[in-house]
Amino acid sequence: MATETPEKDSNRKLLVVGLIIVLLSINGILIYMQQQKTQQNEEQQEIIKVKSTELENQIKVFETLKADYERQSAELSAMGISNDSLETRIAAINADLAQLRAFRNSSFTVADQRRFQQRAQNLELALQKKDEEVAKLKDDNEELFTEVTGLKTTQNKLADSISMLSSNNKELEEKVNLASKLEAQNIAVTIINDNGKEKEDAEEEYKAKRVDRIKLSFRLGKNEVAPKENKEILMRLIEPDGSALYNLATGSGTFEFEGKEQFYTAKRDIVFDNSQQLVSFIYSKGTPYKTGKHLIEIYSDGFLIGSTSFTLK
């Protein structure tokens, strides 16, 4: 077996050293390339993170804008004012929010960021301007409310004054009416028999079978307050059983006295002239009169102005 020469041994060593150097170089290159790739991935992740943060911030900005515009709309509605432009802006903001949220699953470019930032600025400026208008409207409404409240207070005071004046007028009218009440004086009752002769009795007691008609006469007392005008004089002839004689064929009717409907037996229309004029009624029942005490009541202008009684035996 031949021995290697020193020259060959040296060449082999050089070859091994060269291979080692090449391998180290390749390994170094691979390590460098791996480091570059890792750095690129980290940079890419950082860019994605920044874009995601910017997107979420932009979404929050538009959510805040939406809440502010809805607040404005509610304030105007509370004042009874409708604003279609506000509703249109709210609908547009909802559309922007939907588009921004969709960027979570796609690329949110720098151009997109700038576009939505500009839209947000424009919306913010419009919001501020509208807030100023709403504040002025509130001030105007408060001033108007103060004026209306003052007017209502004045109106209530005026209504109270009118009510008091009306009450005073009513009270005065009642006093005048009471003072102008007529009075039947010198009331007398006589009977007229079948022969047409009048019978008088100081005791005012008559035989029922002889009575054909009843005559009532009286004078109206002087009253300077009572106006000289037409007057209705009503006469009620009340039988012993408490019922008033009533016959439509002979001119009977009804009237109201102290809140109740009453029957009257006969009526006379006169012109009051304050001369103590004589007023008389002649009444024919047409059927036999009942025995017992009869009551006669005289009314005018809603007042009982006189009464008397007589007895039939």
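Each residue is numbered by its place in its chain's sequence as written, counting from 1. Local features are withheld for residues below a pLDDT of 70 in this predicted model, meaning they are given only at 70 or higher, and side-chain atom pairs are given and counted only at 80 or more; totals for whole chains, interfaces and linings count all residues. Computation of side-chain values covers all heavy atoms of the structure but excludes hydrogens and water.

Enquirer: Please set out the overall build of the chain residue by residue, giving values where relevant.
Expert: Counting from the N terminus, the helices are DSSP H or I runs at least four residues long and the strands are E runs at least two residues long. Each helix and strand counted, the chain has three helices and eleven strands in total. Reading the helices (α) and strands (β) of the chain from amino to carboxyl end gives α-α-α-β-β-β-β-β-β-β-β-β-β-β. To sort residues, take the accessible area from a 1.4 Å probe on protein chains only and compare it with the maximum for the residue type: under 20% means buried, over 50% means exposed, and anything in between is partly exposed. By the burial criterion, 27% of the 313 residues in the chain qualify as buried. Residue pairs in contact within the chain that sit at least 24 positions apart in sequence constitute 68% of those at least 6 positions apart. Only heavy atoms matter for contacts: two residues are in contact if any of them lie within 4.5 Å across the pair.

Enquirer: Pulling in residues and values, what's your account of helix α2 (residues 84–102)?
Expert: Helix span is expected to be 1.5 Å times the residue number reduced by one. Taking 1.5 Å of rise per residue, the 19 residues of α2 would be expected to cover 27 Å, and the 27 Å separating its terminal C-alpha atoms lies within 8% of that figure. Among all positions in α2, only Leu 86, Ile 90, Ile 93, Asp 96, Leu 97 and Leu 100 are buried. All buried residues of α2 fall inside an arc of 120° around its axis, so they share one side. Away from its buried face by more than 90 degrees, α2 exposes Asp 84 and Thr 88. Each direction from the helix axis to a C-beta atom contributes to the arc, which is the arc of those directions.

Enquirer: Could you give an account of the sheet that holds strand β1 (residues 184–192), naming the residues involved and the relevant values?
Expert: DSSP bridges decide pairing: two strands pair if at least two such bridges lie between them. Spatially, four strands are ordered β2-β1-β4-β9 in an open sheet, and the strand pairing comes out antiparallel. Looking at the sheet topology across the chains shown, the edges are occupied by β2 (198–199) and β9 (278–283).

Enquirer: So what's going on with the pattern of salt bridges? Residues and values would help.
Expert: It is possible for side chains of opposite charge to pair when their charged atoms get near one another. Salt bridges are identified by distance alone: a Lys or Arg side-chain nitrogen within 4 Å of an Asp or Glu carboxyl oxygen. Evaluated as defined, the whole model comprises 19 salt bridges. Note that Glu 75 is salt-bridged to Lys 138, the shortest N-O span being 3.6 Å. Highlighted residues: Glu 75 in helix α1 (residues 6–78) and Lys 138 in helix α3 (residues 110–179), separated in sequence by 63 residues. A salt bridge links Lys 290 to Glu 239; its shortest N-O distance comes to 3.7 Å. Of this pair, Lys 290 sits in the loop between β9 and β10 (292–300) while Glu 239 sits in the loop between β5 (230–238) and β6 (253–257), placing them 51 residues apart in sequence. Given the relative accessible area of 8%, Glu 239 is considered buried. Through salt bridges that share partners, Asp 68, Arg 71, Glu 75, Asp 131 and Lys 138 make up one connected network.

Enquirer: Quick rundown of a positive patch on the surface? Include the residues and the values.
Expert: The grouping of Lys 197, Lys 199, Lys 207, Lys 209 and Arg 210 at the surface amounts to a positive patch. Residue placement: Lys 197 occurs in the loop between β1 and β2. Only residues whose relative accessible area exceeds 30% and that take part in no salt bridge are eligible for patches, with like-charged residues grouped when within 9 Å of each other and nonpolar side chains (Val, Leu, Ile, Met, Phe, Trp, Tyr) grouped when within 5 Å. Residue exposure ignores everything except the shown protein chains as possible cover, and the areas themselves are Shrake-Rupley values with a 1.4 Å probe. Asp and Glu are treated as the negative residues and Lys and Arg as the positive ones, with His and the ends of the chain left uncounted. Taken as the charge location is NZ of Lys, CZ of Arg, CG of Asp or CD of Glu.

Enquirer: An account of the pairing of strand β4 (residues 213–220) is needed here, citing residue identities and associated values.
Expert: Note: β1 against β4, seven bridges, orientation antiparallel. In the strand pairing of β4, Thr 190 is matched with Lys 215. Examined bridge by bridge, β4 and β9 share six bridges and lie antiparallel to one another. Its bridge partner lying in β9, Arg 219 is registered against Leu 278.

Enquirer: I'd like a description of the pairing of strand β11 (residues 303–312), backed by residues and values.
Expert: Relative to β11, strand β3 (residues 205–206) is paired through two bridges, and the arrangement is parallel. When the sheet's bridge partners are listed, Glu 205 is paired in β11 with Thr 311. Sheet topology places β10 next to β11; nine bridges connect them, and they run antiparallel. Across the sheet, Lys 293 pairs through a bridge with Thr 311, a residue of β11. Taking the residues that link successive antiparallel strands as the turn, the β10-β11 hairpin has two residues, and the phi of Asp 301 there is positive, at about 55°.

Enquirer: Just give me the short version of a nonpolar patch on the surface, but keep the residues and values in it.
Expert: A surface patch of nonpolar side chains, amounting to about 610 Å² of accessible area, comprises Val 22, Ile 26, Ile 29, Leu 30, Tyr 32 and Met 33. With respect to the helices and strands, the residue Ile 26 is situated in helix α1. You can call Ile 26 partly exposed: its relative accessible area is 43%.

Enquirer: Break down the side chain of Thr 190 for me, citing the residues and quoting the values.
Expert: Secondary-structure assignment places Thr 190 in strand β1. Excluding its chain neighbours within four sequence positions, the residues that come into contact with Thr 190 are Glu 198, Lys 199, Glu 200, Tyr 206, Arg 213, Ile 214 and Lys 215.

Enquirer: Can you explain the packing of aromatic side chains? Please cite residues and give values.
Expert: Here the aromatic set is Phe, Tyr and Trp, taking the six-membered ring for Trp, and pairing holds for ring centres within 6.5 Å; pairs whose planes are under 30 degrees apart are stacked, those over 60 apart are edge-to-face, and all others are tilted. Under the criterion given, the structure shown has seven aromatic pairs. When the centroid spacing of 6.1 Å and the interplanar angle of 85° are considered together, the rings of Phe 103 and Phe 116 count as edge-to-face. Taken together, the residues span a long stretch of sequence, with Phe 103 in the loop between α2 and α3 and Phe 116 in helix α3 at a distance of 13 residues. Each of the two residues, Phe 103 as well as Phe 116, counts as buried. When the centroid spacing of 6.3 Å and the interplanar angle of 50° are considered together, the rings of Phe 255 and Tyr 264 count as tilted.

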